[in-house]
2 protein chains.
Amino acid sequence: MSSSNRIEKMKNILVKKDVDAILVSDEKNIYYFTEFPWGFRLLIPASGESILFVHSVNYEAAKEIAKNVRIDLIRINEKADVKIVSEISKLGFKSLGFDRISATEYLRIKDSLKDLRLEALDDAIWSLRKIKDEGEVALIKRAAELTSQGMKKALEIVRPGLREWEVAAEIEYEMRRLGSSGVAFDTIVCSGPESAFPHGGLGEREIKDGDIVIVDVGAKYRGYCADMTRTLIAGRMSEKQKNLCEIVAEAQRLAIDRIRAGVRAKEVDEVARKYIVENGYGEYFVHSLGHGIGLNVHEPPALGPMSEEILQTGNVVTVEPGIYIPRFGGVRIEDTLLVLEDKAERLTDERIS
Amino acid sequence: MSSSNRIEKMKNILVKKDVDAILVSDEKNIYYFTEFPWGFRLLIPASGESILFVHSVNYEAAKEIAKNVRIDLIRINEKADVKIVSEISKLGFKSLGFDRISATEYLRIKDSLKDLRLEALDDAIWSLRKIKDEGEVALIKRAAELTSQGMKKALEIVRPGLREWEVAAEIEYEMRRLGSSGVAFDTIVCSGPESAFPHGGLGEREIKDGDIVIVDVGAKYRGYCADMTRTLIAGRMSEKQKNLCEIVAEAQRLAIDRIRAGVRAKEVDEVARKYIVENGYGEYFVHSLGHGIGLNVHEPPALGPMSEEILQTGNVVTVEPGIYIPRFGGVRIEDTLLVLEDKAERLTDERIS
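By convention here, each chain's residues receive numbers from 1 onward along its written sequence. The order in which chains are written sets their letters, starting at A; the order in which ligands are written sets their numbers, starting at 1. Since the coordinates come from a predicted model, pLDDT governs what is reported: local features require at least 70, and pairs of side-chain atoms require 80 or more to be given and counted, while whole-chain, interface and lining totals use all residues. Side-chain measures were taken over the full set of non-hydrogen atoms in the model, leaving aside hydrogen atoms and water.

1. Looking at the sheet that holds strand β1 (residues 21–24) of chain B
Residue and element names in this part refer to chain B.
Argument step 1. Taken together, six strands build an open sheet; the order of strands is β4-β3-β2-β1-β5-β6 and the sheet is mixed. Of all strands in the sheet, those bounded by a partner on one side alone are β4 (70–74) and β6 (117–120). The average undirected angle you get between the axes of adjacent strands in this sheet is 25 degrees.
Argument step 2. Sheet topology places strand β3 (residues 51–55) next to β4; five bridges connect them, and they run parallel. Residue pairing in the sheet places F53 in a bridge with D72 of β4. A pair of strands is labelled paired if DSSP reports no fewer than 2 bridges between them. Helix and strand assignments follow DSSP, with helices taken as H or I runs no shorter than four residues and strands as E runs no shorter than two, numbered in order from the N terminus. A fitted line through C-alpha atoms represents every axis, and for helices the fit uses only the stretch in contact; the resulting angles, taken between N-to-C directions, go from 0 to 180 degrees.

2. What to know about the interface of chain A and chain B
Interface size, as often reported, equals the accessible area lost upon joining of the parts.
Argument step 1. On the chain B side, the residues contacting the 50 residues of chain A number 50 residues.
Argument step 2. Accessible area that two parts lose when put together, with a 1.4 Å probe and added across both, is what the buried area reports. Regarding the contact of chain A and chain B, the summed buried area is about 4,200 Å², with carbon and sulfur atoms giving 63% of it.
Argument step 3. Here, a salt bridge means any Lys or Arg side-chain nitrogen found within 4 Å of an Asp or Glu carboxyl oxygen. Our count for the contact surface shared by chain A and chain B stands at six salt bridges.
Argument step 4. A salt bridge links E204(A) to R222(B); the nearest nitrogen and oxygen atoms lie 2.6 Å apart.
Argument step 5. Counting residues per element, the ones that place at least two in the side of chain A that touches chain B are α3 (59–65), α5 (103–112), α8 (164–177) and β10 (219–221) of chain A.
Argument step 6. Top element by residues in the side of chain A that touches chain B is α8(A). It accounts for eight residues.
Argument step 7. Broken down by class, the residue content of the side of chain A that touches chain B amounts to 24 nonpolar, 13 polar and 13 charged. Only heavy atoms matter for contacts: two residues are in contact if any of them lie within 4.5 Å across the pair. Note on residue classes: Ala, Val, Leu, Ile, Met, Phe, Trp, Tyr, Cys and Pro are nonpolar, Asp, Glu, Lys and Arg are charged, and everything else, Gly too, is polar.

3. Section: the domain arrangement of chain A
All names here are of chain A.
Argument step 1. Where each domain starts and ends comes from a domain assignment, either automatic or drawn from a database. Domain boundaries in chain A define domain 1 (3–129) and domain 2 (134–346).
Argument step 2. Computed from C-alpha atoms alone, the centre-to-centre distance between domain 1 and domain 2 is 35 Å.
Argument step 3. Counting from both sides, the interface comprises six residues of domain 1 and, opposite them, seven residues of domain 2.
Argument step 4. Summing both partners gives a buried area of about 670 Å² for domain 1 against domain 2, and 54% of it is carried by carbon and sulfur.
Argument step 5. Among the residues domain 1 hides against domain 2, the three largest losses belong to Y31, W126 and R129. Together they make up 62% of the total.
Argument step 6. If you look at where domain 1 meets domain 2, you find one salt bridge.

4. A word on the sheet that holds strand β8 (residues 188–191) of chain A
Residue and element names in this part refer to chain A.
Argument step 1. Taken together, the three strands give an open sheet; going across it, the order is β8-β9-β12, and neighbouring strands pair in antiparallel fashion. The sheet is open, and its two borders are formed by β8 and β12 (228–234), each paired with just one other strand. If you compare each strand with its neighbour and ignore which way they point, the axes differ by 15 degrees on average.
Argument step 2. By the bridge criterion, seven bridges tie strand β9 (residues 211–217) to β12 in an arrangement that is antiparallel. Looking at the pairing, I214 lines up with T231 of β12.
Argument step 3. Along the sheet, helix α7 (residues 134–157) contacts β9 and β12; its crossing angle with β12, the most-contacted strand, is approximately 5 degrees.

5. Re the packing of helix α2 (residues 27–34) of chain A against helix α6 (residues 122–129) of chain A
Residue and element names in this part refer to chain A.
Argument step 1. Relative to each other, α2 and α6 sit at 50 degrees, their axes nearing to 12 Å. Relative to α6, the element α2 is oriented oblique. α2 and α6 meet at a crossing whose hand is left-handed. Facing α2, whose interface residues are K28, N29, Y32 and F33, α6 presents D122, I125, L128 and R129.
Argument step 2. For the contact of α2 with α6, the class distribution of residues is four nonpolar, one polar and three charged. For this classification, under 35 degrees means roughly parallel, over 145 means roughly antiparallel, 65 to 115 means roughly perpendicular, and everything else is oblique. Left-handed describes a crossing in which the near helix is turned anticlockwise from the far one by less than a right angle; the clockwise case is right-handed.

6. A short note on empty space enclosed by the protein
Argument step 1. Only protein atoms enter the 1 Å grid used here, on which a cavity is any set of points holding a 1.4 Å probe that cannot leave and a pocket is any open set flanked by protein within 12 Å on both sides along at least five of seven lines; residues with an atom within 4 Å of a point are listed as lining. Grid points are joined across faces, edges and corners, and a volume is the space filled by probe spheres set on the points. Scanning the entire structure with this criterion turns up two cavities of 30 Å³ or more.
Argument step 2. Counted as a void, the largest cavity has a volume near 70 Å³.
Argument step 3. In terms of lining, the largest cavity is formed by E172(A), M175(A), R176(A), S180(A), S181(A), G182(A), V183(A), E172(B), V183(B) and D186(B).
Argument step 4. Broken down by element, the lining of the largest cavity gets its largest block of residues, three residues, from α8(A).
Argument step 5. For the lining of the largest cavity, the class distribution of residues is three nonpolar, three polar and four charged.
Argument step 6. Considering the residues around the second largest cavity, the lining is formed by L23(A), D81(A), I84(A), V85(A), E105(A), R108(A) and I109(A).
Argument step 7. Broken down by secondary-structure element, the contributors of at least two residues to the lining of the second largest cavity are α4 (80–90) and α5 of chain A.
Argument step 8. When its residues are assigned to classes, the lining of the second largest cavity shows four nonpolar, no polar and three charged.

7. Remarks on the environment of V316(B)
Residues and elements named next belong to chain B.
Argument step 1. Checked against the element boundaries, V316 lands in strand β15 (residues 316–319).
Argument step 2. Remark: the alpha-carbon pair of V316 and L107, spanning 209 residues in sequence, is separated by 35 Å.
Argument step 3. With near-sequence residues (within four places) excluded, V316 lies in contact with K130, K132, I140, H291, G292, I293, T336, L337, L338 and L347.

Quick look at the structure:
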């Protein structure tokens, strides 16, 4: 089990940063460190045993699954926040890291433990999470295979007369039927003029002959996500549609070619953006080129003009250039890729298009 | 459109609390006030125009959908947080409410605008959101109907030999096919000893003859959630299984009978809990009786022993007593209900069981 390793790595960071412990609040971070999906809080000290706090509803499951931590039960008539603060106080920490706590919780801890130095360590956790280990890569690959199968289904069935959500229903069913644990995000099927909205509309439109249809879909497998987009035409493709599809496909190809460990993330964005600008559509590429993906659909490293990231072996990212012309429609093509030392390995199936 | 009303109500709260404006960060809160699902931040001043900040990826859609606010574009090369702080500063507010910002964002605003008084107003937004208006009730009713249809499907198909996720696949497909916009949460199908874990296991177990199977499912419709659980037996029911099911059903009936406006939420929990305790299973009812539901699956008002809420007309809540016996299995029955002046109206279909 690699989750114990991950806790060890976190402890090393705490030692290096001279912080006594970290209180982990984000459920996905807790899952990352314990393989338990319903933890309430996880306290990792720089040395010694980690404590997973769980509500009674999850206590039996936690005992079964979370083997690398001590489990502390929050009883049904206990105030969880009071208990956590009291445990932290008992352990006598002088400093405490935190990940994504709310302002309210931050203020509560600060007011209760006035001598405690609080330190934001979200980035430190991301420095671990954004480099996927072998086990994680295997799960994302499975999610990507399922996603590709869902997309294949979409390509088979999209036709005029179907409602957008009917297409989504078939895609999700195909992925689920093959073993997906759910969707990584609400499936986007958007057609006609609504395809100019990158996130789609209500998903209720009837697909018409000659419509652009953007399908953006992701399966989840044991918590891990994949993400894939294809742009189809329902019926005969116009010259303009064809031209847009070719530009976006080439922008994606150029960007993917640039990916390898050591490359600046913003440079990958720039390659695709430059190509789209040169073809006259720069103002219509209204989002970043891509994003990291793992337990979250969107996570570091971001591939955008403002990103300060340098790609590392083990990053998993999407590359998804797009052109969106108001009232006309949009085109987006997206794959999920693993960053290797000397190239990007495509995890979603490029042959599906 | 009722979202303008909602902003007016928020403004009244600001005036009453003597706070100049609120910075709304939670996407669902932003949706509540604007009907726009992908807002980045919404600034509602105590008087004057509200401003919706959106990233360029959502700008065109925001102009189409969010009619009751001014839309402010965050360009792709702008730092969103810097822009928000600068806008707040320009407007000269002396005090600013916030909903669910992270500790990091809170500290950033505090450090940048040292004279600004910051005030947590999450509860104030919940005081609005937990009372559903007519439009919201209609959407939740639709979600509940779709959920009931999904559950009906589950009852038809559950049998020994199926994997848990195969059942989930059929349920979700049925709901989607009928028009659901997605799932409110990952569908739980857990069988045999794993049904003793209220949130289930991996969802990969093969259902065996005589197994308890807990199915917990929720459709989403235009952002609004429903939630429903039934406990089935794959094959012949044992006496002990039957007894547990009867106790939980009666506990649910007693609790629902107690619901009406003006009743303390903890009292409703107590009615069900007392009955389960009297039947000797108190220690196995390891969670609260229920929760509010709307744009979030879990939201105020909570129906639990620690809840300070008093039920109000227009609350929508679940009632879901359960008994979970480690290594034996669990039973849970859940419906979604609308609180009325003198009773609870069931939104999920009680005839499905």
